[in-house]
Structure formats: structure tokens, C-alpha cells
Amino acid sequence: MQTIRQLEALREAVRGFRAAGERLVLVPTMGALHAGHLALVDTARRNGDRVAVSIFVNPTQFGPDEDFSRYPRQEQRDARMLSEAGVDLLWMPPVEAMYPDGFSSGISVAGVSEPLEGAHRPGHFDGVATVVAKLFNQVQPDAAIFGEKDYQQLAVIRRMVTDLDMPIEIIGMPTQREDDGLAMSSRNAYLVEEDRKAAIAMPRALGVAERTISQGGDAQAALEQAREMLTAAGFEVDYVALVDSDTLGEPVAGKPQRLLAAAKIHGTRLIDNVAVNGNG
Ligand code: PAF
């Protein structure tokens, strides 16, 4: 595996792949890798000839009171995991290479980025869209893989790629879960033992609400029940919402729907989502 930190060297490596006619697939990450990321790498491998992974803890997608400074950074361990997983190229730009002095551009994706996470984390998706656009321009992959765990992020990136004619196939991957159902996330590392046990309420609450809704029950009552389950487990709920799977706006009868939740337990914010009726 080549580990590259400077843009010129990256461009040269990518030129080599192109010259050999190889299809390059990118897995963008912020590091602190877990089995969920390795599943993305696996999908990347099945979708191309070469796999690139980026690790960059992007400051512009964290709000002022969020966890940027304590976000887990474990470069050596991550690099070892990726090398063992057969990754070809690890792109780890320093912050000055991503945001040099005078950097003043940005991408804002209206609509799909506005509700849910967008409402609770102002500026978050501008930071995500801008850094992902930069990563795409730097690595120039044929395809990129994103987890459905960050469902709204995936929707924002799909919209950006369509709107800006980026010639990149976006592949979404189902959420990888721990044995008890908790969605895998780098932020799970923040959970002390007691909170880790309580966190199981997140997939359970979504599961209970999803069953009610898919069986034709009252959606508002199902959302309220999910909120109550989370609160009873010690969470402070940001939202539990049922939305149209494509637009993330109001659900439309007969179209795929998604159930999403975000809540904090003792300062650790978890998000999760499920398709209603296994559809969307
Ligand atoms: O999902 C993530 O890890 C990040 O939001 C991403 C896509 C790497 C952009 O920083």
C-alpha cells in the first residue's frame, strides 16, 4: 500500500492507475477505522481494480461545540488495517494541503441537506460537500463508496454529484451493525460501558417504530413511542423522523420511506436509520 500525503505524489500514482486502464474506487473516511469501514473497502474491491482510502478529519464539518479535537486519531493502526485489507493507496493529506491560506470556496447543497442533521448541525453538510468534492478532484475515482449509516450525507453527496455532473458512481452500503444491533461508528468508542449498554435502545426504538409503520400503524404514535424508548434509556433526543427516502422531505404514500434518529447519551451523539418495509 502506498501512503501519500502530498497532492503531486497522489496525482502521479493516480496517473499510473489510469495509464494501466484500471478502475479506481475511493472510500473516503475520517479514520478511527472499524469493521464497518472494512466492509466499505471490501465493496470497493468488488467494484474496481484499485482501491484508494482517504483519511482526513475534516475540521469544517464540525460545529464549534462538537468533538473535532477529541475525534479519535489512530493513523498507524488505521494504516495497518488498510494494508492488511489489500488497499492500494492511502491518501492522508495534512490540513494545510486541504485548506491552504486563502482558501475561500465552498459547496452548499440546498434542500436535502436542510432538515434533520442540517437543522441540528448548521454548516455540517457544507463542510462535508466541500471536502468530498475536493477528495473527488484530488483522487479522481471512477466510483466512491459511502455507508448508509450517514444516510443524509449519502443523499447530499448523490445530489451534489448529479447537480455538478461529477463523473463518479456513488455506491451506498447498508449499515454494518454490532451483534446487538448498534450501528458501527467511530464515535461508539466514546461510550462508557453503561452507555454502550443503553445505546442498544437506538436500533431497538427504530425497529419498533419501523414495524408499526410498515404494518400500517399510526406513524406519529410510532415516532412518539421511539422517542419515549430513547428517553427512557437516558438519551436526549434530537429527532426521530419519517421522511421520503430520496428527498428527505415529507413522506409520500406509495414511495420508499426512511426512519431516522439522532440522540445524545452523556454527550455522545449517535445517529441511525432504517428503511421502512425494507424498501428505500
Ligand atoms: O463519513 C465520513 O467519514 C465523512 O463525513 C467524510 C465523508 C469522509 C467527509 O469528511
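See the structure printed just above.
What counts as what
- Residues numbered from 1 in each chain as written.
- Predicted model: local features only at pLDDT ≥ 70, side-chain atom pairs only at ≥ 80, totals over all residues.
- Heavy atoms only, no water.
- Helix = DSSP H or I, 4+ residues; strand = E, 2+ residues; numbered from the N terminus.
- Buried < 20%, exposed > 50% of the residue type's maximum accessible area, 1.4 Å probe, protein only.
- Contact = heavy atoms within 4.5 Å.
- Areas by Shrake-Rupley, 256 points an atom, 1.4 Å probe, with all protein chains shown as cover.
- Phe/Tyr/Trp six-rings, centres within 6.5 Å; stacked < 30°, edge-to-face > 60°.
- Lys NZ or Arg CZ within 6 Å of the ring centre and 35° of its normal.
- Expected span 1.5 Å × (residues − 1).
- Arc of directions from axis to C-beta.
- Pairing = 2+ DSSP bridges.
- Axes fitted to C-alpha atoms, helices over the stretch in contact; angles between N-to-C directions.
- Near = heavy atom within 4 Å.
- Polar contact = N/O pair within 3.5 Å; in protein donor to acceptor, adjacent residues only side chain to side chain.
- Nonpolar A, V, L, I, M, F, W, Y, C, P; charged D, E, K, R; others polar.

### Comments concerning the overall build of the chain
And then number 1: In terms of regular secondary structure, the chain is built from ten helices and nine strands.
And then number 2: For the C-alpha atoms alone, the extent of the chain along its principal axes is close to 55 × 40 × 40 Å.
And then number 3: The buried share of the chain, taken over its 280 residues, is 52%.
And then number 4: In the chain, of all internal contacts separated by at least 6 residues, the share reaching a separation of at least 24 is 71%.
And then number 5: Accessible area of the chain: about 13100 Å², with a carbon and sulfur share of 48%.

### Some words on the packing of aromatic side chains
And then number 1: Applying the stated criterion across every chain, the model contains five aromatic pairs.
And then number 2: Considering the side-chain rings of F56 and Y99, the 6.1 Å spacing of their centres and the 50° angle between planes classify their relative orientation as tilted. With F56 in the loop between β3 (50-55) and α3 (75-84) and Y99 in the loop between α4 (95-98) and α5 (117-120), this residue pair connects regions lying 43 residues apart in the sequence. Residue F56 shares its accessibility class with Y99, and that shared class is buried.
And then number 3: An aromatic cluster is built from F56, Y99 and F103, whose rings are joined through pairwise contacts.
And then number 4: Directly above the aromatic system of Y190 lies the positively charged group of R70, at a separation of 3.9 Å from the ring centroid.
And then number 5: Across the ring face of F68, the terminal group of R73 is positioned such that the distance to the ring centre comes to 4.7 Å.

### Observations concerning helix α1 (residues 7-19)
And then number 1: For α1, spanning 13 residues, the distance from its first C-alpha to its last is 18 Å, which sits close to the expected 18 Å at 1.5 Å a residue.
And then number 2: Taken residue by residue, α1 has L10, A13, V14 and F17 as its buried positions. Each buried residue of α1 lies within a common arc of 95° when the element is viewed along its axis, so the set occupies one face. Exposed residues on α1 whose side chains face more than 90 degrees from its buried face are E8, E12, R15 and A19.
And then number 3: Against the buried residues of α1 lie β1 (2-4), β2 (24-29), β3, β4 (89-91) and α6 (124-139).
And then number 4: Within two residues after α1, G21 carries a phi angle of roughly 70°, on the positive side.

### Notes on the sheet that holds β3
And then number 1: Reading across from one edge, β1-β4-β3-β2-β5-β6 is the order of the six strands in this open sheet, with parallel pairing throughout. If you trace the sheet from one side to the other, it starts and ends with β1 and β6 (169-173), each paired once. Direction aside, neighbouring strands of the sheet carry axes that sit 25° apart on average.
And then number 2: Here β1 runs beside β4; their pairing, made up of three bridges, is parallel. The residue of β4 that forms the bridge with I4 is W91.
And then number 3: Contacts between helix α7 (residues 151-163) and the sheet are confined to β5 (143-147) and β6, with β6 contributing the most and set at about 170° to the helix.

### With respect to the site of the ligand
And then number 1: Taken together, the neighbourhood of the ligand is formed by P28, T29, M30, N58, Q61, V131, V132, F146, D150 and Q153.
And then number 2: Q61 has a polar side-chain atom sitting 2.6 Å from an oxygen atom of the ligand.
And then number 3: Counting residues per element, the ones that place at least two in the shell around the ligand are β2 and α6.
And then number 4: Partitioned by chemical class, the residues of the shell around the ligand number five nonpolar, four polar and one charged.

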